[in-house]
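Listed here are the chains, written in short residue letters.
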Amino acid sequence: MSTTIYYLEQTDPTQIKGKTLPSEITVSEVTKHQAESSLAFYTEVGKHWQWTDKLGWSQQQWRNYTSGEQLKTYAAYLGSEFVGYFELEKHPDNSIEIAYYGLSKAFLGKGLGGGLLTRCIETAWQWPTHRVWVHTCDLDHPSALANYKARGMSLYKTEQED
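What counts and how
Residues numbered from 1 in each chain as written. Predicted model: local features only at pLDDT ≥ 70, side-chain atom pairs only at ≥ 80, totals over all residues. Heavy atoms only, no water. Salt bridge = Lys/Arg side-chain N within 4 Å of Asp/Glu carboxyl O. Pairing = 2+ DSSP bridges. Helix = DSSP H or I, 4+ residues; strand = E, 2+ residues; numbered from the N terminus. Axes fitted to C-alpha atoms, helices over the stretch in contact; angles between N-to-C directions. Contact = heavy atoms within 4.5 Å. Buried < 20%, exposed > 50% of the residue type's maximum accessible area, 1.4 Å probe, protein only.

Colleague: Can you walk me through the pattern of salt bridges in this structure?
Modeller: Pairs may arise between side chains of opposite charge once their charged atoms sit close together. Summed over all chains, the structure comprises four salt bridges. Between Asp-53 and Lys-54 there is a salt bridge; the shortest N-O distance is 3.6 Å.

The following block contains the structure:
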């Protein structure tokens, strides 16, 4: 089965088309136990979208992945309930990639995706950068591509992968 991969970007923070996240949802950077948190979030969100590339990683690989200043993980909660997360990765060219973004299944379809993605993109632009980008594919949530476009990201490349 062939998969279509979509690459989207913003080159200026004024391109953000924001959507408000309800005030009872808190978003904060994960600064302790980042490797364990990243694994838990990746597993919880990704199990519904065939995120499998990192499932076989050892604890050391997760620690290596999350240990540098180039990766930041953010989690969203409603009280103590996990809503979703995003990870931002700074690349050598100073671009910021939305490495991972998603909601817990319990919060899908509740109108929170646009608000969390807005927060994600706004947070990415807080780093000194000239570009925020992401790739998604047709295995992700059916609304993923539309949500990225609705937040002001522009499609710049499409690939087919077998």
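Colleague: Just checking my understanding: could you explain the sheet that holds strand 4 (residues 81-90) for this structure?
Modeller: Pairing between the strands of a sheet is mediated by backbone hydrogen bonds and can be parallel or antiparallel. One open sheet accounts for seven strands, arranged 2-3-4-5-6-1-7; its pairing is mixed. Of all strands in the sheet, those bounded by a partner on one side alone are strand 2 (25-29) and strand 7 (154-161). Neighbouring strand axes in the sheet, compared pairwise and without regard to direction, differ in orientation by 25 degrees on average. Against the sheet, helix 1 (residues 34-46) contacts strand 3 (71-78), strand 4 and strand 5 (96-103), and its axis sits at roughly 115 degrees relative to strand 4. Sheet strands in contact with helix 3 (residues 113-124) are strand 1 (3-10), strand 2, strand 3, strand 4, strand 5 and strand 6 (132-137), and its direction is about 160 degrees off that of strand 5.

Colleague: Sorry if this is basic, but what is going on with the pairing of strand 4 here?
Modeller: For strand 4, a buried count of seven out of 10 residues is recorded, marking the element as mostly surrounded by other parts of the structure. Pairing of strand 3 with strand 4, which is carried by eight bridges, proceeds in the antiparallel orientation. Bridged to Thr-73 within strand 4 is Glu-87. Linking strand 3 back to strand 4 in an antiparallel pair, the connection comprises two residues, with Gly-79 at a positive phi of about 65 degrees. Both strand 4 and strand 5 contribute to a ladder of seven bridges, which runs antiparallel. The partner of Leu-88 across the bridge, within strand 5, is Ile-98. Linking strand 4 back to strand 5 in an antiparallel pair, the connection comprises five residues, with Asn-94 at a positive phi of about 70 degrees.

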